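Take a look at the letters that make up each chain.
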Amino acid sequence: NAGVMQNPRHLVRRRGQEARLRCSPMKGHSHVYWYRQLPEEGLKFMVYLQKENIIDESGMPKERFSAEFPKEGPSILRIQQVVRGDSAAYFCASSPGAGSTDTQYFGPGTRLTVL
Amino acid sequence: EDQVTQSPEALRLQEGESSSLNCSYTVSGLRGLFWYRQDPGKGPEFLFTLYSAGEEKEKERLKATLTKKESFLHITAPKPEDSATYLCAVPMLTGKLIFGQGTTLQVKP
């Protein structure tokens, strides 16, 4: 499977717990983007990473959210002390280059439910 | 403020009834425009990239066009399997995409 992979596909957490979402980009892609889709809302940009670097985090909430893309392994979006408002679908996309018009290919998403 | 607006929000068509979806944008320096299709419970699937006004691209029953202010996704003789939410997005300088709210298309047999 050469597509973008995300796991888990579904994640249930209680308020106050931590959520870790993983994204493996397409083979040969070194640029990863995270987006969030709240119920009945459109896709909103969160963060853009290259290997070991955060390029643009202008869409990340200031508290509780962090992201990384280590030299080895998948990109991780981490949400600490989850609240009900964090319930959403989180999508990862990858692109082959840094050009603003490089096509971003999306994964199937992780659906986070906070009880 | 950079903004992307899609209309209509929802569209119901009979099989074979052609129509168009609209995506209007206000951005400083258009670098291109993307169209995606999203099925329920799935991630967006790439359809087209348009780079400059006057450009057109086609794929099966879909044709995307671009002007200086908006893009259209024309659907010719749609089939029920074309039912989905269609999203347009504009890239910013850093590469992040600004998405419209989407048009949910339902094609009835």
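The structure contained in this document is the topic of the report that follows. (Residues numbered from 1 in each chain as written. Chains lettered and ligands numbered in written order. Predicted model: local features only at pLDDT ≥ 70, side-chain atom pairs only at ≥ 80, totals over all residues. Heavy atoms only, no water.)

**Details of the overall build of chain B**
For step 1, the next point in the chain: For chain B, the count of helices and strands is zero helices and 11 strands.
For step 2, the next point in the chain: When the elements of chain B are put in sequence order from the N terminus, they spell out β-β-β-β-β-β-β-β-β-β-β.
For step 3, the next point in the chain: Taken along the three principal axes of its C-alpha coordinates, chain B extends 40 × 30 × 20 Å.
For step 4, the next point in the chain: Each of the 109 residues in chain B was classed as buried or not, and the buried ones make up 46%.
For step 5, the next point in the chain: Relative to all contacts within chain B whose residues are 6 or more apart in sequence, the contacts with residues 24 or more apart total 53%.
For step 6, the next point in the chain: Total accessible area computed for chain B in this model is approximately 5400 Å², and 48% of it derives from carbon and sulfur atoms. (Helix = DSSP H or I, 4+ residues; strand = E, 2+ residues; numbered from the N terminus. Buried < 20%, exposed > 50% of the residue type's maximum accessible area, 1.4 Å probe, protein only. Contact = heavy atoms within 4.5 Å. Areas by Shrake-Rupley, 256 points an atom, 1.4 Å probe, with all protein chains shown as cover.)

**Overview of the pattern of salt bridges**
For step 1, the next point in the chain: Across all of its chains, the model carries seven salt bridges over all chains by this definition.
For step 2, the next point in the chain: Of the charged contacts, one joins Glu18 of chain A and Arg78 of chain A as a salt bridge, the two residues approaching to 2.9 Å between their closest N and O atoms. You can see Glu18 of chain A sitting in the loop between β2 (10-13) and β3 (19-24) and its partner Arg78 of chain A sitting in strand β8 (residues 75-79), a full 60 residues away along the chain.
For step 3, the next point in the chain: The exposure class assigned to Glu18 of chain A is partly exposed, which follows from its relative accessible area of 28%.
For step 4, the next point in the chain: Given the relative accessible area of 27%, Arg78 of chain A is considered partly exposed.
For step 5, the next point in the chain: Among the salt bridges present, the one from Glu55 of chain B reaches Lys57 of chain B, with a minimum N-O distance of 3.7 Å.
For step 6, the next point in the chain: Counted as one network, the salt bridges with shared partners bring together Glu18, Arg20 and Arg78 of chain A. (Salt bridge = Lys/Arg side-chain N within 4 Å of Asp/Glu carboxyl O.)

**Details of the nonpolar core**
For step 1, the next point in the chain: Core analysis: the biggest nonpolar cluster contains 24 residues, and Leu33, Trp35, Leu73 and Tyr86 of chain B have the highest contact counts within it.
For step 2, the next point in the chain: Counting residues per element, this core draws most heavily on strand β9 (residues 84-91) of chain B, which supplies four residues.
For step 3, the next point in the chain: Formed by 22 residues, the second largest nonpolar core is a distinct cluster that contains Val32, Met46, Ile79 and Leu112 of chain A. (Core = buried A, V, L, I, M, F, W, Y, C linked by side-chain atoms within 4.5 Å.)

**Side note on the interface of chain B and chain A**
For step 1, the next point in the chain: Counting residues at the interface gives 22 residues for chain B, matched by 24 residues for chain A.
For step 2, the next point in the chain: Roughly 1700 Å² of surface becomes buried between chain B and chain A when both sides are summed, with 54% attributable to carbon and sulfur atoms.
For step 3, the next point in the chain: Considering only the side of chain B, the residues that lose the most area to chain A are Thr94, Lys96 and Phe99 of chain B, jointly responsible for 26% of the buried surface there.
For step 4, the next point in the chain: For the pair chain B and chain A, the number of links is zero salt bridges.
For step 5, the next point in the chain: If you look at where chain B meets chain A, you find eight residue pairs in polar contact (both at pLDDT 80 or more).
For step 6, the next point in the chain: Looking at the side of chain B that touches chain A, the elements that each hand over two or more residues are β4 (33-38), β5 (45-50), β9 and β10 (97-99) of chain B.
For step 7, the next point in the chain: Counting residues per element, the side of chain B that touches chain A draws most heavily on β4 of chain B, at three residues.
For step 8, the next point in the chain: Looking at side-chain class alone, the side of chain B that touches chain A contains 11 nonpolar, eight polar and three charged residues. (Buried area = accessible area lost by both parts, 1.4 Å probe. Polar contact = N/O pair within 3.5 Å; in protein donor to acceptor, adjacent residues only side chain to side chain. Nonpolar A, V, L, I, M, F, W, Y, C, P; charged D, E, K, R; others polar.)

**What about the environment of Asp82 of chain B?**
Residues and elements named next belong to chain B.
For step 1, the next point in the chain: Residue placement: Asp82 occurs in the loop between β8 (70-75) and β9.
For step 2, the next point in the chain: Taking the C-alpha atoms as reference points, Asp82 and Arg61, separated by 21 residues in sequence, lie 8.8 Å from one another.
For step 3, the next point in the chain: Apart from the residues lying within four places of it in its own chain, the contact partners of Asp82 are Arg37, Arg61, Leu105 and Val107.
For step 4, the next point in the chain: A distance of 2.8 Å separates a polar atom in the side chain of Asp82 from a polar atom in the side chain of Arg61.

**A word on the side chain of Asn22 of chain B**
All names here are of chain B.
For step 1, the next point in the chain: Among the secondary structure elements, Asn22 is positioned in strand β3 (residues 19-26).
For step 2, the next point in the chain: For Asn22, a relative accessible area of 12% puts it in the buried group.
For step 3, the next point in the chain: Polar contacts involving the side chain of Asn22 include one to the side chain of Glu70, which spans 2.8 Å.
For step 4, the next point in the chain: Not counting the four nearest positions on each side in its chain, Asn22 is found in contact with Thr5, Gln6, Ser7, Glu70, Ser71 and Phe72.

**Examining the sheet that holds β3 of chain A**
Residues and elements named next belong to chain A.
For step 1, the next point in the chain: One open sheet accounts for four strands, arranged β1-β3-β8-β7; its pairing is antiparallel. The sheet is open, and its two borders are formed by β1 (5-7) and β7 (65-68), each paired with just one other strand. Within the sheet, the average angular offset between the axes of one strand and its neighbour, ignoring direction, is 15 degrees.
For step 2, the next point in the chain: Where β1 and β3 come together, three bridges link them in antiparallel fashion. Looking at the pairing, Met5 lines up with Ser24 of β3. (Pairing = 2+ DSSP bridges. Axes fitted to C-alpha atoms, helices over the stretch in contact; angles between N-to-C directions.)

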